[in-house]
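Observations on the model geometry
For reference, the chains in residue letters:
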Amino acid sequence: MSGSNNRLNSKRAIHFVSSLTLTSTLVHIALRFIQILHLPHNCIIGTIPPELGQLRHLLSLELHGNGLSGEMPRAIYDLENLQALNLADQYGGDRECTKTDGRVVDINYRMGGLGVRYEENVGLTGTLGPEIGAWRSMKGLYLFKNSFEGVIPESIGNLRYLRFLRLK
């Protein structure tokens, strides 16, 4: 996707994104007004781009069941209107998928096992920051089957509309 004449509405952007990696260009150009980004089990591998934090209108981010790895970018906490976040289930099970270029990836390995060495994927890592309390409208938070460390921040108590919380 290049050039300034590209215009994608939400429906077309979702269809277009399902076969790609999440890139900063795609986030900035095609998705800036999107409210729901629902791409579960789409063979998305790699890290979550921090540019997702620029999607100020986003209400729901669902990337579960892919092969994401690395730390959850702090920019995710900038999504103040977020009501649902599902980053669960980034590894485990017997899951292979075929990318649009024909490569077969196994999400149990970092980068889908496409690297030189097969390094086990442990999902998203790092700690949950106190900024988690900024999601004032959060209703559903699903982060299980990842490798987050540390304690759950006290600020999670600020999420007064939270109805669903699944961390393990």
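Structural data are supplied above this passage.
None of these values were measured; they are calculated from a predicted model.

Let us look at the overall build of the chain. A tally of helices and strands in the chain yields two helices and twelve strands. Starting at the N terminus, the α and β elements of the chain follow one another as α-α-β-β-β-β-β-β-β-β-β-β-β-β. A burial count over the chain gives 45% of its 168 residues as buried. Residue pairs at least 24 apart in sequence account for 57% of intrachain contacts in the chain once pairs closer than 6 positions are excluded. Approximately 9300 Å² of the chain is accessible, and the part contributed by carbon and sulfur atoms is 49%.

Moving on to the nonpolar core. Judged by nonpolar contacts, the single largest core of 29 residues is most densely connected at L61, I76, L85, W135 and L141. Filtering out sequence-adjacent residues up to four positions away, L61 remains in contact with L37, L52, I76, L82, A84, L85 and N86.

This next bit is on the environment of R56. Of note, R56 is situated in the loop between β2 (45-46) and β3 (60-62). Exposure remark for R56: the relative accessible area of 44% places this residue in the partly exposed category. Expressed as a C-alpha distance, the spacing of R56 and D78, which sit 22 residues apart in the sequence, is 7.8 Å. Those residues in contact with R56, other than ones at most four positions away along the chain, are D78 and N81.

Quick look at the sheet that holds strand β9 (residues 124-127) now. Spatially, β5-β9-β11 is the arrangement adopted by the three strands of the open sheet, whose pairing is parallel. Of all the strands in the sheet, the pair left with one neighbour each is β5 (70-71) and β11 (147-149). Relative to β9, β5 runs parallel, the two sharing two bridges. From the neighbouring strand, G70 faces β9, where its bridge partner is L124.

Once that is clear, we can look at the pattern of salt bridges. Taken as a whole and assessed by the stated rule, the structure comprises one salt bridge. Across the pair D89 and K145 runs a salt bridge, and its minimum N-O distance is 3.7 Å. Here D89 is found in the loop between β6 (84-86) and β7 (96-98), whereas its partner K145 is found in the loop between β10 (140-142) and β11, with 56 residues between them in sequence. By relative accessible area, which is 37% here, K145 ends up partly exposed.

About the thresholds
- Residues numbered from 1 in each chain as written.
- Predicted model: local features only at pLDDT ≥ 70, side-chain atom pairs only at ≥ 80, totals over all residues.
- Heavy atoms only, no water.
- Helix = DSSP H or I, 4+ residues; strand = E, 2+ residues; numbered from the N terminus.
- Buried < 20%, exposed > 50% of the residue type's maximum accessible area, 1.4 Å probe, protein only.
- Contact = heavy atoms within 4.5 Å.
- Areas by Shrake-Rupley, 256 points an atom, 1.4 Å probe, with all protein chains shown as cover.
- Core = buried A, V, L, I, M, F, W, Y, C linked by side-chain atoms within 4.5 Å.
- Pairing = 2+ DSSP bridges.
- Salt bridge = Lys/Arg side-chain N within 4 Å of Asp/Glu carboxyl O.

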